[in-house]
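Observations on chain architecture
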Amino acid sequence: MRLSPLNQRRWRNFKANRRALWSLWIFSFLFVLSLFAEFLANDKPIIVNYRGSYYTPIFNFYPETAFGGDFQTEAVYRYPRGGMPDRFRRVG
């Protein structure tokens, strides 16, 4: 793509301004990073290590029974190693 002489002059002036050029690079990096935001910030972990096996819940469906649960529904990955918090366990 060929730029017109006016746009060539504008681009030269822009490149001469170091702050503007750094801002362009930073903005471009943040924009590319935001394209992966859905992948990076979701409610499923990217990889899980359970009993020596690795699972990728972000790409595949794993039922709760694969991790020692009782149901065929999707596993809840938010609980730490100890399992469900005490406030959700049945008392008595």
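Structurally, N60 is set in the segment after β2 (53-55). Residue N60 is classed as partly exposed on the basis of its relative accessible area, which comes to 38%. A polar contact is formed between the side chain of N60 and the side chain of Y62, at a distance of 3.3 Å.

So, on to the confidence of the model for the protein. Of all residues in the protein, 85% attain a pLDDT of 70 or more, and the chain-wide mean is 84. Across the protein, the element-wise mean pLDDT spans from 83 in helix α3 (residues 37-40) up to 96 in helix α2 (residues 18-35).

Our next topic: the packing of aromatic side chains. Inspection of the entire model under this criterion finds six aromatic pairs. On the basis of an interplanar angle of 20° and a centroid distance of 5.6 Å, the ring pair of W11 and F14 is categorised as stacked. Taken as a pair, W11 and F14 lie in helix α1 (residues 5-16) at a separation of three residues, close to a single helical turn. Arranged with centres 5.0 Å apart and planes meeting at 80°, the rings of Y55 and Y62 form a pair that is edge-to-face. According to the relative accessible area criterion, Y55 is buried, its value standing at 17%. A relative accessible area of 15% means that Y62 is categorised as buried. Among the aromatic residues, those joined into a cluster by ring pairs are Y50, Y55, Y62 and F67.

Before going further, it helps to examine a positive patch on the surface. A cluster of basic residues, R9, R10, R12 and K15, forms a positive patch at the surface. Within the element layout of this structure, R10 appears in helix α1.

Right, let's get into the nonpolar core. With five residues, the main nonpolar core is built from V48, Y55, Y62, F67 and A75. With residues near it in sequence (within four places) discarded, Y62 still touches Y55, T56, P57, F67, T73, E74, A75 and Y77.

The next thing to look at is the packing of α1 against α2. Relative to each other, α1 and α2 sit at 90°, their axes nearing to 5 Å. Judged on the interaxial angle alone, α2 and α1 are roughly perpendicular. Contacts from W11, F14, K15 and A16 of α1 reach α2 at R18, A20, L21 and L24. When grouped by side-chain class, the residues that make up the contact of α1 with α2 number six nonpolar, no polar and two charged.

Conventions used here
- Per chain, the residues get numbers from 1 upward, laid out in the order the sequence is written.
- In view of the model being predicted, local features appear only for residues whose pLDDT reaches at least 70, and side-chain atom pairs are presented and counted only at 80 or more, with totals across whole chains, interfaces and linings using the full set of residues.
- Here the side-chain values reflect all heavy atoms present in the structure, with hydrogen atoms and water set aside.
- Runs of H or I in DSSP of at least four residues are treated as helices and runs of E of at least two as strands, each being numbered from the N terminus.
- Between buried and exposed lies partly exposed: a residue is buried under 20% and exposed over 50% of the maximum accessible area for its type, with that area taken using a 1.4 Å probe on protein chains only.
- Polar contacts here mean pairs of N or O atoms no more than 3.5 Å apart (in protein, one a potential hydrogen donor and the other a potential acceptor; neighbouring residues in sequence count only if both atoms are side-chain atoms).
- Confidence scores here are pLDDT values: one per residue, from the predictor, ranging 0 to 100.
- Two rings from Phe, Tyr or Trp (for Trp, the six-membered ring) form a pair when their centres are within 6.5 Å of each other. A pair whose planes differ by under 30 degrees is stacked, one over 60 is edge-to-face, and the rest are tilted.
- Within the patch definition used here, like charges are joined within 9 Å and nonpolar side chains (Val, Leu, Ile, Met, Phe, Trp, Tyr) within 5 Å, considering only residues with over 30% relative accessible area and no salt bridge.
- Only the protein chains shown count as cover for residues, and all accessible areas are computed by the Shrake-Rupley method using a 1.4 Å probe.
- In the sections that follow, a salt bridge refers to a side-chain nitrogen of Lys or Arg positioned within 4 Å of a carboxyl oxygen of Asp or Glu.
- Only four residue types enter the tally: Lys and Arg on the positive side, Asp and Glu on the negative side, with His and both chain ends excluded.
- Taken as the charge centre is NZ of Lys, CZ of Arg, CG of Asp or CD of Glu, depending on the residue.
- Among buried residues, the Ala, Val, Leu, Ile, Met, Phe, Trp, Tyr and Cys ones that are joined through side-chain atoms within 4.5 Å form a nonpolar core.
- By definition in these notes, contact holds between two residues if any of their heavy atoms fall within 4.5 Å.
- The angle between two axes is taken between their N-to-C directions and runs from 0 to 180 degrees, where each axis is a line fitted to C-alpha atoms and a helix contributes only its stretch in contact.
- Should an angle fall under 35 degrees it is taken as roughly parallel, and over 145 as roughly antiparallel, whereas 65 to 115 is taken as roughly perpendicular and any remaining angle as oblique.
- Three residue categories are used. Nonpolar comprises Ala, Val, Leu, Ile, Met, Phe, Trp, Tyr, Cys and Pro, charged comprises Asp, Glu, Lys and Arg, and polar comprises the others, including Gly.

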